[in-house]
Amino acid sequence: MNATTATPGAAALAAPVRTAGGALLLDGKAVGARVRAEVAERARDFRARYGRAPGLAVVQVGEDPASSVYVRNKRKSSQEAGIESFAYDLPADTGEAQILSLVHALNTDPRVDGILVQLPLPKGVDANRVMDAVDPAKDVDGFHPVNTGLLAQKRPRLRPCTPFGVIRLAQEYGIALPGLRATVVGASNIVGRPMALELLLARATVTVCHTGTRDLRAEVERADLVVAAVGKENFVPGEWIRPGAAVFDVGINRSASGKLVGDVDFDRAAERAAWITPVPGGLGPMTIAMLLSNAVDAAVLRAGGTL
Ligand code: NAD
């Protein structure tokens, strides 16, 4: 593929940046800011029409340091976008029954359009049971089986934020997905699987790799588009990347030197890829932006509007 044939959407972003290796950087910070600006405008329209801001409840149980950073970011960004943020911080020893009763209360609270329960939940709490209890109409993470099922059936409603962020980033840079050979490395419920469904919806030909995959290298080598979502530093060596491929690195790992790094060997991969996401500054900011977008989508749908 050729990274110079970008769409007008990409041209309207700040000047495209090339990595030292030559690949075009897929700037999740810039595109995320654009999505957040759209969200702010839609939140203003919603408020003008319905007399209240869209509402997002963010629930955190315990004080996992990484979760606290994510939760703070989500609350701050939602307020900046004109979404009312409702904070629920529960102590680490909160039982499943109490968490479920909070979720049920939020399900019926008319000011709340979106409910986000930050994962991981403390040991002993069944995260599936908690996620299943969220009203699918308020499931801004898109993790509820109803929303996953709708995506699988080609009629997406609230879409999982990170995979949706990959699709939006690809669109902004004019990466045409139909017909591409796409390989997703990782098959979790929150990233790998919905990523495969999104790429299928976009008419790519999709391969999903996981711990049972026999020849991972061969699956990555023939891909025009690679999504890495494993959670292991340098898991995908640069020389596996097909020349001209688009590389989306979802992984977030803390390297020995304390830096945040992805799953792909960035420097080597950037010498072969046509497009590549940085870590940080790629799918992280896109994920938050798509969450806010989902919150406004949920508010509009709940009010009887259409997207
Ligand atoms: P997970 O641990 O639930 O899933 C990892 C997947 O990788 C599994 O499907 C597993 O089969 C696969 N895998 C593990 N070892 C493998 C191997 N040797 N060969 C092939 N496949 C293998 O993780 P997750 O929740 O999907 O997250 C993945 C990464 O993405 C993590 O680093 C996480 O922090 C990051 N993440 C980032 C964002 C973001 O906003 N950027 C959002 C969610 C997750």
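Residues numbered from 1 in each chain as written. Predicted model: local features only at pLDDT ≥ 70, side-chain atom pairs only at ≥ 80, totals over all residues. Heavy atoms only, no water.

Our focus in this paragraph is the confidence of the model for the protein chain. Looking at the protein chain, pLDDT values average 95 and 96% of them are 70 or higher. Within the protein chain, no element has a lower average pLDDT than helix α1 (residues 8–11), which sits at 42, and none a higher one than strand β5 (residues 181–185), at 99. This stretch, residues 4–11, has a pLDDT under 50; its non-local contacts, to residues over four places away or in other chains, come to 11 contacts. (pLDDT = per-residue confidence, 0-100. Helix = DSSP H or I, 4+ residues; strand = E, 2+ residues; numbered from the N terminus. Contact = heavy atoms within 4.5 Å.)

Further remarks concern the site of the ligand. Taken together, 20 residues form the shell around the ligand, and within it Ala187, Ser188, Lys232, Ile252 and Thr287 come nearest. Take Ile252: an N or O atom from its main chain is 3.0 Å from an oxygen atom of the ligand. Here an oxygen atom of the ligand sits 3.0 Å away from a polar atom, N or O, in the side chain of Thr287. Protein contacts shield 70% of the accessible area of the ligand, which totals 860 Å² for the unbound molecule. (Near = heavy atom within 4 Å. Polar contact = N/O pair within 3.5 Å; in protein donor to acceptor, adjacent residues only side chain to side chain. Areas by Shrake-Rupley, 256 points an atom, 1.4 Å probe, with all protein chains shown as cover.)

If you want to describe how two helices pack, look at the angle between their axes and the distance between the axes. Contact pair helix α3 (residues 65–80) / helix α11 (residues 283–302): the axes reach a minimum separation of 10 Å and the direction vectors enclose 55°. When the interaxial angle is binned, α3 and α11 end up oblique. As α3 packs across α11, the resulting crossing turns out to be right-handed. Side by side, α3 and α11 meet where Asn73, Lys74, Ser77 and Ser78 of the first sit next to Ile288, Leu291 and Leu292 of the second. Considering only residue class, the contact of α3 with α11 consists of three nonpolar, three polar and one charged. (Axes fitted to C-alpha atoms, helices over the stretch in contact; angles between N-to-C directions. Parallel < 35°, antiparallel > 145°, perpendicular 65-115°, else oblique. Left-handed = near helix turned anticlockwise from the far one by under 90°. Nonpolar A, V, L, I, M, F, W, Y, C, P; charged D, E, K, R; others polar.)

Scanning all chains against the criterion turns up one aromatic pair. With centroids separated by 4.6 Å and ring planes inclined at 40°, the aromatic side chains of Phe46 and Tyr50 adopt a geometry described as tilted. On the criterion of helical spacing, the pair formed by Phe46 and Tyr50 is a turn pair, its members being four residues apart in helix α2 (residues 28–50). Taking relative accessible area as the criterion, Phe46 reaches 3% and is therefore assigned buried. (Phe/Tyr/Trp six-rings, centres within 6.5 Å; stacked < 30°, edge-to-face > 60°. Buried < 20%, exposed > 50% of the residue type's maximum accessible area, 1.4 Å probe, protein only.)

Here we take up a nonpolar patch on the surface. Taken together, the side chains of Tyr70, Ile252 and Leu260 present a nonpolar region at the surface, about 250 Å² in accessible area. Locating Tyr70 in the fold gives a position in helix α3. (Patch = residues over 30% accessible without salt bridge, like charges linked within 9 Å, V, L, I, M, F, W, Y side chains within 5 Å. Salt bridge = Lys/Arg side-chain N within 4 Å of Asp/Glu carboxyl O.)

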